[in-house]
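Secondary and tertiary structure notes
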Amino acid sequence: MTYIQLTYGNLILPALLVVLDGVLSLALRLRLEKQLAIATVRMVIQLTLVGYVLTFLFTAVSPLWTAVAAVIMVLFASREIVARQKRRLPGVWSYGLGAGCTLLAAGTVTIFALLTELRPEPWYHPRYALPLLGMILGNTMTGISLGLDVLTNGVVREKAAIEAQLSLGGTRHQALLPVLRDAIRSGLMPIINSMAAIGLVSLPGMMTGQILAGVDPIDAVKYQLLIMFLIAGGTGLGTLVAIMGGARLLTDHRHRLRLDRFSR
């Protein structure tokens, strides 16, 4: 099996397409050229560094280094979850809920796939564990961040209706149920849309990369189906746990709504 090897020189012409976007922004006065330049530089630096780090990890094949890399990925994911929230949960839970749910969902699903389907030797080999975790982590992060944002905004918007149900003797679960449903639905919608459009509208990156690397298209499809099933499971689990945890943090044991717990 052979693949077409690229050099950094092969990236110069494609990079001009990004420059074209910058020219378009200047011509139409979109004021996006600075953001585009910063994002491009960050992307190049980050991916280059990741390439060197992965090269080291693939050579070392150490469970310790693999675990350290996985934890760092989860911490950055939790930071992105917090950054996307208009209203943040109190104290350590601002980061802890997103980090805990992301680690639980993405970690569980990744280990499940490594032990039952892929079965590399050793099972924690970073060549398989980290790319798999990264794909599941990114989508789980999106689901959790969207779900929590809808939850917190919905609780504030529906405050009067929620407190009315609580005053009539309803439990916090009963009072928050409509908001919880909307939040979970919002968290799952991106992966549902992706699954519905995959193959007809778009060819996913992993499948495309495998085909370009010389893998048989049918084998690439099997791997992509595995990945999509894992992503759907991880996103669903992470979103559900995060939403239920967020709901408990915004209420107390006496079934009172506690919007005062939002970070100021």
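Our focus in this paragraph is a nonpolar patch on the surface. On the surface, a cluster of nonpolar side chains totalling about 610 Å² of accessible area is made up of Leu13, Leu16, Leu17, Val19, Leu20 and Val23. Among the secondary structure elements, Leu20 is positioned in helix H1 (residues 12-28). For Leu20, a relative accessible area of 54% puts it in the exposed group.

On to the side chain of Thr110. Mapped onto the secondary structure, Thr110 falls in helix H4 (residues 93-118). Residue class for Thr110 comes out buried when judged on its relative accessible area of 5%. Reaching out from Thr110, the side chain makes a polar contact with the backbone oxygen of Ala106 at a distance of 2.7 Å. In contact with Thr110, other than residues within four places in its own chain, are Ala129, Leu132, Leu133 and Ile136.

Relative to the helices and strands, Gly98 is located in helix H4. Taking the C-alpha atoms as reference points, Gly98 and Ser145, separated by 47 residues in sequence, lie 7.9 Å from one another. When near neighbours in sequence (up to four residues on either side) are disregarded, Gly98 contacts Ser78, Ile81 and Ile144.

The next subject is the environment of Leu146. With respect to the helices and strands, Leu146 occurs in helix H5 (residues 126-157). Linking Leu146 and Gly187, residues 41 residues apart in sequence, is a C-alpha distance of 5.2 Å. Once residues lying within four places of it in the same chain are set aside, the contact partners of Leu146 are Ser186, Gly187 and Pro190.

It is worth spelling out the packing of helix H2 (residues 33-60) against H5 at this point. Axis separation between H2 and H5 bottoms out at 9 Å; the angle between their running directions is 140°. The orientation of H2 relative to H5 falls into the category oblique. Seen from H2, the contacting residues are Leu54, Leu57 and Phe58; seen from H5, they are Pro126, Arg127 and Leu130. Broken down by class, the residue content of the contact of H2 with H5 amounts to five nonpolar, no polar and one charged.

Glycine aside, the phi torsion of most residues is negative, and most peptide linkages are trans. Residue Pro122 is bonded to the preceding Glu121 through a cis peptide linkage, with omega at -10°. Along the polypeptide, Pro122 turns up in the loop between H4 and H5. Positive phi is not limited to glycine here, since Arg31 has a value of about 60°. Along the chain, the position of Arg31 falls in the loop between H1 and H2. Judged by relative accessible area, which is 71%, Arg31 ranks as exposed.

In terms of nonpolar packing, the biggest core is built from 44 residues, with Leu132, Ile136, Leu148, Leu151, Val155, Ile162 and Leu230 touching the most fellow members. Those elements that place two or more of their residues in this core are helix H3 (63-83), H4, H5, helix H6 (159-167), helix H7 (172-197) and helix H9 (217-249). The element that contributes the greatest number of residues to this core is H5, accounting for 11 residues.

At their nearest, the axes of H5 and H9 sit 8 Å apart, and the two run at 35° to each other. Crossing of H5 over H9 shows right-handed handedness. When H5 is examined against H9, the residues Leu132, Met135, Ile136, Asn139, Thr140, Gly143, Ile144, Gly147, Leu148 and Leu151 are found in contact with a partner set consisting of Ile227, Leu230, Ile231, Gly234, Thr235, Gly238, Thr239, Ala242, Ile243, Gly246 and Ala247. Residue composition of the contact of H5 with H9, by class: 12 nonpolar, nine polar and no charged.

Take H7 next. Taking 1.5 Å per residue, 26 residues should reach 38 Å; H7 reaches 37 Å between its end C-alpha atoms and fits that length. At Pro178, H7 shows its largest bend, some 50°. Residues Arg172, Ala175, Leu176, Val179, Leu180, Ala183, Gly187 and Ile191 constitute the buried set of H7. Residues of H7 that are buried in the fold lie against H5, H6 and H9. Phi turns positive, to about 90°, at Gly199, one or two residues after H7.

Our next topic: the pattern of salt bridges. Enumeration according to the criterion identifies six salt bridges in this entry. With its nearest N and O atoms 4.0 Å apart, the salt bridge here joins Asp219 to Lys222. A residue pair is termed a helical-turn pair when its members lie 3 or 4 positions apart in one helix, as Asp219 and Lys222 do in helix H9 at three residues. In this structure Lys222 comes out as exposed when scored by relative accessible area, which is 53%. Residues Asp252 and Arg256 are paired through a salt bridge, measuring 2.8 Å at the closest nitrogen-oxygen approach. According to the relative accessible area criterion, Arg256 is partly exposed, its value standing at 37%. Here the salt bridges do not stand alone but share partners, grouping Asp252, Arg256 and Arg258 into one network.

Conventions adopted
Each residue is numbered by its place in its chain's sequence as written, counting from 1. Reporting in this predicted model follows two pLDDT cut-offs: at least 70 for local features of residues, and 80 or more for side-chain atom pairs to be given and counted; totals over whole chains, interfaces and linings ignore these cut-offs and use all residues. Note that the side-chain values use all heavy atoms of the structure and ignore hydrogens as well as water. Nonpolar side chains (Val, Leu, Ile, Met, Phe, Trp, Tyr) are joined into patches within 5 Å and like charges within 9 Å, using only residues with over 30% relative accessible area and no salt bridge. The accessible surface values rely on the Shrake-Rupley method and a 1.4 Å probe; as for residues, cover is taken only from the protein chains in view. Within this document, salt bridges are pairs made up of a side-chain nitrogen of Lys or Arg and a carboxyl oxygen of Asp or Glu, the two lying within 4 Å of each other. Comment: elements are numbered from the N terminus, with helices defined as DSSP H or I runs of at least four residues and strands as E runs of at least two. Here's how the labels work: a residue is buried when its accessible area is under 20% of the maximum for its type, exposed when over 50%, partly exposed in between, all with a 1.4 Å probe on protein chains only. Polar contact is defined as a pair of N or O atoms within 3.5 Å, subject to the rule that within protein one atom must be able to donate a hydrogen and the other to accept it, and that residues adjacent in sequence are counted only when both atoms are side-chain atoms. Here, residues are in contact when the closest pair of their heavy atoms is within 4.5 Å. Where helices are involved, their axes are fitted lines through C-alpha atoms of the stretch in contact, as for all axes, and angles between N-to-C directions lie from 0 to 180°. Any angle that falls under 35 degrees is termed roughly parallel, while one over 145 is termed roughly antiparallel, one within 65 to 115 roughly perpendicular, and all others oblique. Basically, the charged four are Asp, Glu, Lys and Arg, the nonpolar ten are Ala, Val, Leu, Ile, Met, Phe, Trp, Tyr, Cys and Pro, and anything else, Gly included, counts as polar. The set of buried Ala, Val, Leu, Ile, Met, Phe, Trp, Tyr and Cys residues whose side-chain atoms join them within 4.5 Å is what this entry labels a nonpolar core. Two helices that cross are described as forming a left-handed crossing if the nearer one is turned anticlockwise from the farther one by less than a right angle, and a right-handed crossing if clockwise. The span you would expect from a helix comes to 1.5 Å times its residue count less one. What is called the bend at a residue is the angle between a pair of axes, fitted to the seven residues leading up to and ending at it and to the seven starting from it.

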